[in-house]
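# Topology and contacts: notes
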Amino acid sequence: NGVFVFNAFLYSLLTGCLFHLLFVRLTGGRRLFSACMAVLGVVSLHNLLIRPIMQIVYPAFVAFLLALLTVLEKPRKASGYVWLGLINSVAFYLYPYLWMMTFAVTGLLFLHLLIMRDRTAIRSFLLMSLGIGIVCIPQILTLVSLFSDNMAAAVSIRTGLVETHR
C-alpha cells in the first residue's frame, strides 16, 4: 500500500509540475497564477490520478500539449517536431485513447501547416511523421497479430478479464 501512495504522490507532483510549465507558457510568465491553476488541475484530477494507468497518461498528455504549443509558437524550429514526435510515439505505446487523440491533433496540425503553406514546417512535420511510423512499427505488428493470430487473440481476451477501470 505504501508503493501505491508513493506513486500517487509522485505522479500527482509530476502532473502538477507539467501543468505549471504549461500554464506559465500560456499566461506569459504569470507564475503565481500558473501555480494556482496547476494545483487546481491536479486537485480536479485527483480521483483519476490515483488509478495506476492514469498516473502515466495525464503527464504524457500535458507533455504533448507542451510540445504542441512549442510547435505552434515556432513552426519552423525542428527541435519542436522532435519533442512532438517523441511524445506521439510514447503515447502510441502507453494508452489507446491517448494516442488516438494525439494523432488526431497532430493530423489537424498537418492540415494547419498545409493551409499556411510553410514548406519548411511541412518538411519537418513529414520527417517527424516518418520517425513516428518507424518507432511505432513493433506496436503496430503486435496489434496486427492480435487480430490475425488465434493464440494472441485468446491471450488478449483472457487479459481483458482483469478489471482495469472503474
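This section reports on the structure supplied with the text.

Rules used throughout
- Residues numbered from 1 in each chain as written.
- Predicted model: local features only at pLDDT ≥ 70, side-chain atom pairs only at ≥ 80, totals over all residues.
- Heavy atoms only, no water.
- Helix = DSSP H or I, 4+ residues; strand = E, 2+ residues; numbered from the N terminus.
- Buried < 20%, exposed > 50% of the residue type's maximum accessible area, 1.4 Å probe, protein only.
- Contact = heavy atoms within 4.5 Å.
- Lys, Arg positive; Asp, Glu negative; His and termini not counted.
- Charge placed at Lys NZ, Arg CZ, Asp CG, Glu CD.
- Phe/Tyr/Trp six-rings, centres within 6.5 Å; stacked < 30°, edge-to-face > 60°.
- Lys NZ or Arg CZ within 6 Å of the ring centre and 35° of its normal.
- Expected span 1.5 Å × (residues − 1).
- Arc of directions from axis to C-beta.
- Salt bridge = Lys/Arg side-chain N within 4 Å of Asp/Glu carboxyl O.

## Here's the deal with the overall build of the protein
- When helices and strands are tallied, the protein shows nine helices and zero strands.
- Traced from its N-terminal end to its C-terminal end, the protein shows the element sequence α-α-α-α-α-α-α-α-α.
- With the C-alpha coordinates of the protein rotated into their principal frame, the extents come out at 50 × 40 × 20 Å.
- The buried share of the protein, taken over its 166 residues, is 32%.
- Sequence separation of at least 24 residues holds for 61% of the intrachain contacts in the protein that already meet a minimum separation of 6.
- Taking the average location of the 12 positive side-chain charges in the protein and that of its 4 negative ones, the two points are 11 Å from each other.

## Some remarks on the packing of aromatic side chains
- For the coordinates displayed, the defined rule picks out seven aromatic pairs.
- Ring geometry for Phe92 and Tyr93: centres 6.2 Å apart, planes at 90°, overall edge-to-face.
- Phe92 sits in the buried class, given a relative accessible area of 7%.
- Taken together, a centroid distance of 5.0 Å and an interplanar angle of 20° make the contact between Phe110 and Phe125 stacked. With Phe110 in helix 6 (residues 96-116) and Phe125 in helix 7 (residues 119-135), this pair connects stretches of sequence that are 15 residues apart.
- Given the relative accessible area of 5%, Phe125 is considered buried.
- Ring pairs connect the aromatic residues Phe92, Tyr93, Trp99 and Phe103, which therefore count as one cluster.
- If you follow Arg30 out to its NZ or CZ, it ends over the ring of Phe33, 4.9 Å from the centre.

## Let's talk about helix 6
- Here helix 6 is 21 residues long and its end C-alpha atoms lie 30 Å apart, about the 30 Å a rise of 1.5 Å per residue gives.
- Where helix 6 is concerned, the buried positions are Leu98, Thr102, Thr106, Leu109 and Leu113. Mapping the buried residues of helix 6 onto a view down its axis gives an arc of 55°, with all of them on the same face. Turned more than 90 degrees from where helix 6 packs its buried face, Tyr97, Leu108 and Ile115 sit exposed.

## So, the environment of Phe61
- Tracing the chain through its elements places Phe61 in helix 4 (residues 52-73).
- When the C-alpha positions of Phe61 and Gly131 are compared, they lie 20 Å apart, and in sequence the two are 70 residues distant.
- Excluding residues within four positions of it along the chain, Phe61 makes contact with Leu98 and Met101.

## Looking at the side chain of Asn88
- Looking at the element boundaries, Asn88 is found in helix 5 (residues 78-94).
- Exposure remark for Asn88: the relative accessible area of 0% places this residue in the buried category.
- Those residues in contact with Asn88, other than ones at most four positions away along the chain, are Phe64, Thr102, Phe103, Thr106 and Ile132.

## Quick word on the pattern of salt bridges
- Summed over all chains, the structure comprises two salt bridges.
- Note that Glu73 and Arg25 form a salt bridge whose closest N and O atoms lie 2.7 Å from each other. Taken together, the residues span a long stretch of sequence, with Glu73 in helix 4 and Arg25 in helix 1 (residues 2-27) at a distance of 48 residues.
- A residue is classified by how much of its surface remains accessible, and Arg25, at 33% relative accessible area, is partly exposed.
- With a shortest N-O distance of 3.2 Å, Asp118 and Arg76 are connected by a salt bridge. Separated by 42 residues along the polypeptide, Asp118 in the loop between helix 6 and helix 7 and Arg76 in the loop between helix 4 and helix 5 bring together distant segments of the chain.

It is worth stressing that arrangement in space is one thing and function is another; only the former is reported here.
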